[in-house]
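# Chains, contacts and geometry: an overview
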Amino acid sequence: MEIIAAGAGAGKTTSMAKRILSRLDQVNDGKILYVITYTNAARNRIRELIIKSIGVIPKQLRIETIHVFLLHEVIFPFHHLLFEEQFRSVSNVKLPLNRAFKATKLKELNNNKLIHVEKVTETAKWILCKKTKDNKSIREKRERVIKIMSKYLDCVFIDEAQDIDEHMTQIIELLDNKGFNVFLIGDPKQDLRGRNNFKSILSRRKESVTYELKNQRCPLSHVTFSNLYVPSDQKQNPESEIEGEISYVFETEIESSEEFVKNSNWDMVFIYQKNKRFNTHEERKISNRNLTYELEILIKRIETEDTKKKIIQYELFKEILSKINEVNNFKVFSDIEKKLNIKLTSRDKGRLGEALESSREKALLPGILVNSIDSIKGLEGERCLFIVTTDIAEYLFSKKRAENKMLNYLYVALTRSKKELVLFISLEVQEKYNEQEIVQFFSDSQVDRYELN
């Protein structure tokens, strides 16, 4: 196993691309090299770098998200061999918080040959590593599965390794122990889930770890400031010759927060979590998944071609959303029954009603749309606005110093800008902390006040 721990702006993706090309030159037995990432954006970036270097993506090189890798190389082809159930697709429908309801929903998905996205790594672990109450037959089949994979899979490169969960950690260890070439690259300071699995691997595999401490993205002033919040052995060295600008502004000083956010040519505006005045894109994207799923279940009842069912579902979904705030649930139920020529049961209406209320609630959410820190991890911009809320302010002002996911969120927020970063001190933060204390903190940290026009 080879591991690189590199901070923000260290050129992790470029470094990985070079290692991928180096390994390609060494593999001459036709085996596959798999590169897995946690986001589509990261996947596309690696593909672009490979194409830029050699003109094409070689047939033996696969660059996909971690879920695509586990689904297509492990779960879809092998799950039924060990456990008899066959999965044919994946669902990202929002699961209930109640454990009993969640279990019921997962069972329903399984009955429809759907695996939920939350269960992908755990299910893959059951296939490759172990599952409670494994019998001899399953253990023997598992060994055959691993042997099959070893015949065509040479290595696995894992980008953003700080995001691996406990199940993926076990899979990585298994692949390494079975002789597969495993390469990890990530940054423990950007572990936004607080899982600490990558950090644990770094501790256990010290002899395999290389630390890259350079920062090619952020200007000197930004690196100096962000270094205040990282362990001493991971402080970065700025390579940019630009001094950069880092400043702060109180929301009370701004006549219109909405105009300030929307009309100041920010490349990125981000916040840890939504509040009364700011909302995040994810909230609105996620809200309609349950409605999509409930419509899909209903449309399965009608007799028509599968391709037509998809079209019907899409058109019905669009129609419902277009008037969701103008009509009540009973009108929606009636329209669905007419269009699909079916009769909805009380259970159907209950499930649909819940999905409709969720979509209706999110559609009416107030607030200025901004990005979450989660969504901008891995991205960069010339001018960035970081909206500081009370939950993250206590780490910014060093009221709390624990090395946890909140400190990681702060680090990510402080290392996105290539030129200018403005810290927007929200009303709640100003109410919680004395203004003079905040001003003194920034003065001591050599952070200037933002100049309003």
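The structure displayed is predicted, hence computed values, not measured ones.

Cut-off values and rules
Residues numbered from 1 in each chain as written. Predicted model: local features only at pLDDT ≥ 70, side-chain atom pairs only at ≥ 80, totals over all residues. Heavy atoms only, no water. Helix = DSSP H or I, 4+ residues; strand = E, 2+ residues; numbered from the N terminus. Rg over C-alpha atoms; globule rule 2.2 N^0.38 Å. Contact = heavy atoms within 4.5 Å. Areas by Shrake-Rupley, 256 points an atom, 1.4 Å probe, with all protein chains shown as cover. Pairing = 2+ DSSP bridges. Axes fitted to C-alpha atoms, helices over the stretch in contact; angles between N-to-C directions. Buried < 20%, exposed > 50% of the residue type's maximum accessible area, 1.4 Å probe, protein only. Polar contact = N/O pair within 3.5 Å; in protein donor to acceptor, adjacent residues only side chain to side chain. Core = buried A, V, L, I, M, F, W, Y, C linked by side-chain atoms within 4.5 Å.

For the protein chain, the helix and strand inventory stands at 20 helices and 17 strands. Taken over the C-alpha trace, the protein chain has a radius of gyration of 25 Å; the compact-globule value for 453 residues is 22 Å, and the two agree within 12%. Once the C-alpha set of the protein chain is aligned to its principal axes, its extents read approximately 65 × 60 × 45 Å. Put simply, 78% of the contacts in the protein chain that link residues at least 6 apart link residues at least 24 apart. Summing over all exposed atoms, the protein chain offers an accessible surface of approximately 23,000 Å²; the carbon and sulfur share of this is 46%.

With respect to the helices and strands, the residue Val 209 is situated in strand β8 (residues 209–212). Each C-alpha atom, one on Val 209 and one on Ala 5, is 7.0 Å from the other, the two residues being 204 residues apart in sequence. The residues touching Val 209, leaving out its near neighbours within four places in the chain, are Ile 3, Ala 5 and Leu 202.

Moving on: the sheet that holds strand β13 (residues 278–280). Sheet architecture is open: seven strands sit in the order β13-β14-β12-β15-β16-β11-β17, paired in parallel fashion. The open sheet has two free edges, formed respectively by β13 and β17 (448–449), since each of these has just one partner strand. Relative to β17, strand β11 (residues 245–250) runs parallel, the two being bridged by two bridges. What sits directly across from Tyr 248, in β17, is Arg 449. Across the face of the sheet, helix α20 (residues 435–444) comes into contact with β11, β16 (417–425) and β17 while running at roughly 175° to β11.

Most of helix α18 (residues 405–414) is tucked away, with nine of its ten residues classed as buried. Within α18, burial applies to Met 406, Leu 407, Asn 408, Tyr 409, Leu 410, Tyr 411, Val 412, Ala 413 and Leu 414. In this fold, the buried residues of α18 make contact with α9 (220–226), β12 (268–271), α16 (373–376), β15 (381–388), α17 (390–396) and β16. Where α18 begins, one side-chain oxygen reaches toward the backbone nitrogen of Met 406, 3.1 Å away; that side chain belongs to Asn 404.

Taken together, the six strands give an open sheet; going across it, the order is β3-β2-β6-β7-β1-β8, and neighbouring strands pair in parallel fashion. Edge positions in the open sheet fall to β3 (61–65) and β8, since each of these has one partner strand only. The mean inter-strand angle of the sheet, taken between neighbouring strand axes irrespective of direction, is 15°. Of the pairings in the sheet, the one linking strand β6 (residues 153–158) to strand β7 (residues 181–186) comprises four bridges and is parallel in character. In the sheet register, Val 156 faces β7, and the bridge partner there is Val 182. Helix α8 (residues 197–204) contacts β1 (2–6), β7 and β8 of the sheet and is inclined by roughly 120° relative to β1.

In this structure, Leu 70, Ile 75, Ile 127, Leu 128, Ile 158, Met 168 and Leu 184 are the most contacted members of the largest nonpolar core, which totals 44 residues. At ten residues, the largest contribution of residues to this core is made by helix α3 (residues 66–83). If near-sequence neighbours (up to four positions away) are discounted, Leu 184 is found in contact with Met 1, Glu 2, Ile 3, Ile 4, Ile 158, Ala 161, Ile 172, Phe 198 and Ile 201. Counting residues in each nonpolar core, the second largest holds 35 residues, with Ile 376, Tyr 395, Leu 396 and Phe 397 among its members.

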